[in-house]
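Notes for the structure review
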Amino acid sequence: MDTAIIAYPHSENLGDWIQSLVFKYLWNIDFIEIDREQLNGYRGSKVRLICNGWFLENPKHWPPSNDITPLFISFHITPKASKSLTNPDSIAYFKKFEPIGCRDFYTRDLLQKFGVKTYFSGCMTLAYEQSFFKLENSSSSGILVASALDRLKPIIKPLSNPIDLMIQIIKFPLKYRKYQKAKKKLNHALNKTDVPITKASQIINIERLKTENPKQLALDYLKKINQAELVITSRIHTALPAIAMNTPVIFLDDGLNHINHQSRLRGLSDFFHVCSSKDLIHFDFNSIKVKTNHLKFKASLKNKVDQFLTKF
């Protein structure tokens, strides 16, 4: 039976690719890639699918095809899709392949309410190893500020509803002031250190997807994480690979109060140091160490996938 992993052909978020690339480092298998948003439309030879990640942009595309045998691990249901992914058909599907390895407490608790057997698995990105990426230099390269304050940064999305668009425009000045205030606090904290500062983004411009390979961009991003002495971020899939590769992390939670963000953080935030930008002034960057409570999940994730691959 062929083995498949989740793919994200239209994603601007390198974190999506980071969740899939880990399998190619850990298992010497030629993986088939299936679009996360097209799992119900897969037709072909029977495949075993390692089904991890964030689900789902379009819940109408759920559940997956009968030609797919899934291993649910590091699985997250976003609140906006929770109604569809807990309807009778979806619950029956989950029960067919339980226990469901959930990436966070929110997903674990949600499915348990409907009688589905679940467990907290953590995220597959915890399985990255420092040895996957050779350091370009013999020493680390200072602090990497990677997509810090992303969720606080205000944007105006092109919305078809004129009322929603107007609300965005009205709220923009206040959001912009909050962002600038937090950014000032971050820069003030960074100015206290004499180590080199590098900046990077987990989000890529949609235009770059037309000319550049997102997998290669994700690999380059992971190398920067591995090279750093410390990572400051507001992105889960920057923070988790960092601690997996023994790079200390400060996770800024500014702008992450919405349930869509909180649901993703519950459980995972225990693996790294969390604070707001206003608390950075109290941190001694040199004293931040990698927590070790992720290590048992790192081993368990590998074992679960090993068992799945040998079973089918």
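Residues numbered from 1 in each chain as written. Predicted model: local features only at pLDDT ≥ 70, side-chain atom pairs only at ≥ 80, totals over all residues. Heavy atoms only, no water.

With that settled, the discussion passes to the overall build of the protein. Of the regular secondary structure elements, the protein holds 8 helices and 11 strands. A globule of 312 residues ought to have a C-alpha radius of gyration of about 20 Å, and the protein, at 20 Å, matches this closely. By residue count, 51% of the 312 residues in the protein fall in the buried class. Taking contacts inside the protein between residues at least 6 apart in sequence as the whole, the part at least 24 apart equals 65%. Total accessible area computed for the protein in this model is approximately 15,300 Å², and 51% of it derives from carbon and sulfur atoms. Taken together, the 44 basic and 28 acidic charged side chains of the protein have centroids lying 5 Å from each other. (Helix = DSSP H or I, 4+ residues; strand = E, 2+ residues; numbered from the N terminus. Rg over C-alpha atoms; globule rule 2.2 N^0.38 Å. Buried < 20%, exposed > 50% of the residue type's maximum accessible area, 1.4 Å probe, protein only. Contact = heavy atoms within 4.5 Å. Areas by Shrake-Rupley, 256 points an atom, 1.4 Å probe, with all protein chains shown as cover. Lys, Arg positive; Asp, Glu negative; His and termini not counted. Charge placed at Lys NZ, Arg CZ, Asp CG, Glu CD.)

Burial within strand β1 (residues 2-7) is extensive, with 5 of its 6 residues counted as buried. In this sheet, strand β2 (residues 32-35) lies alongside β1 in parallel orientation, the contact comprising 4 bridges. In the strand pairing of β2, alanine 7 is matched with aspartate 35. Where the polypeptide runs from β1 across helix α1 (residues 14-26) and back to β2, its parallel neighbour, the crossover connection is right-handed. (Pairing = 2+ DSSP bridges. Right-handed = clockwise from strand over helix to strand, strands pointing away.)

A cluster of nonpolar side chains, Ile156, Met166, Ile169 and Ile170, forms an exposed patch at the surface whose accessible area comes to about 390 Å². Among the secondary structure elements, isoleucine 169 is positioned in helix α4 (residues 162-190). (Patch = residues over 30% accessible without salt bridge, like charges linked within 9 Å, V, L, I, M, F, W, Y side chains within 5 Å. Salt bridge = Lys/Arg side-chain N within 4 Å of Asp/Glu carboxyl O.)

Let us now look at the nonpolar core. Core analysis: the biggest nonpolar cluster contains 82 residues, and Trp62, Phe75, Phe94 and Tyr128 have the highest contact counts within it. Once you skip the residues sitting within four places of it in the chain, tyrosine 128 turns out to touch Ile18, Leu21, Val22, Tyr25, Phe133, Leu222, Pro241, Ala244, Met245 and Lys298. With 18 residues, the next largest nonpolar core counts Tyr179, Ile232, Leu252 and Phe285 among its residues. (Core = buried A, V, L, I, M, F, W, Y, C linked by side-chain atoms within 4.5 Å.)

Our next topic: helix α6 (residues 236-244). Side chains that are three or four residues apart share a direction in an α-helix, a result of its 3.6 residues per turn. For α6, the buried fraction is high: 9 of the 9 residues fall into the buried class. Every buried residue belonging to α6 is among Ile236, His237, Thr238, Ala239, Leu240, Pro241, Ala242, Ile243 and Ala244, and all of these are buried.

Strand order across the open sheet formed by 5 strands is β8-β7-β9-β10-β11, with parallel pairing between neighbours. Each edge of the sheet is formed by a strand with only one pairing partner; in this case those strands are β8 (197-200) and β11 (273-275). The sheet shows a mean angle of 20 degrees between the axes of neighbouring strands, taken without regard to direction. Sheet topology places strand β10 (residues 249-252) next to β11; 3 bridges connect them, and they run parallel. Bridging across to β11, phenylalanine 251 finds its partner in valine 274. (Axes fitted to C-alpha atoms, helices over the stretch in contact; angles between N-to-C directions.)

Turning next to unusual backbone geometry. With an omega of 20 degrees, the peptide bond between phenylalanine 55 and leucine 56 qualifies as cis. Assignment of secondary structure puts leucine 56 in the loop between β3 (47-55) and β4 (68-77). That bond from tryptophan 62 to proline 63 is cis: its omega, 5 degrees, falls within 30 degrees of zero. When you line up the elements, proline 63 lands in the loop between β3 and β4. Here the phi dihedral of leucine 149 falls at roughly 65 degrees; this positive angle occurs in a residue that is not glycine. Positionally, leucine 149 belongs in the loop between β7 (143-146) and α4. By relative accessible area, leucine 149 is classed as buried at 2%. For asparagine 246, which is not a glycine, the phi torsion comes out positive at approximately 70 degrees. By the element assignment, asparagine 246 lies in the loop between α6 and β10. For asparagine 246, a relative accessible area of 52% translates into the label exposed.

The tally for this structure, following the rule as stated, stands at 25 aromatic pairs. Relative to tyrosine 176, the ring of phenylalanine 172 lies with its centre 6.0 Å away and its plane at 15 degrees, an arrangement referred to as stacked. Separated by 4 residues within a single helix, phenylalanine 172 and tyrosine 176 lie in helix α4, roughly one turn from each other. We classify phenylalanine 172 as partly exposed; its relative accessible area is 27%. In textbook terms, an aromatic cluster arises when at least three aromatic residues are bridged by ring pairs, as seen for Phe55, Trp62, Phe72, Phe75, Tyr93, Phe94 and Phe97. Over the ring of phenylalanine 105 we find arginine 108; its NZ or CZ atom is 4.3 Å from the centre of that ring. The residue whose ring lies beneath lysine 304 is tyrosine 119, and the NZ or CZ to ring-centre distance is 4.8 Å. (Phe/Tyr/Trp six-rings, centres within 6.5 Å; stacked < 30°, edge-to-face > 60°. Lys NZ or Arg CZ within 6 Å of the ring centre and 35° of its normal.)

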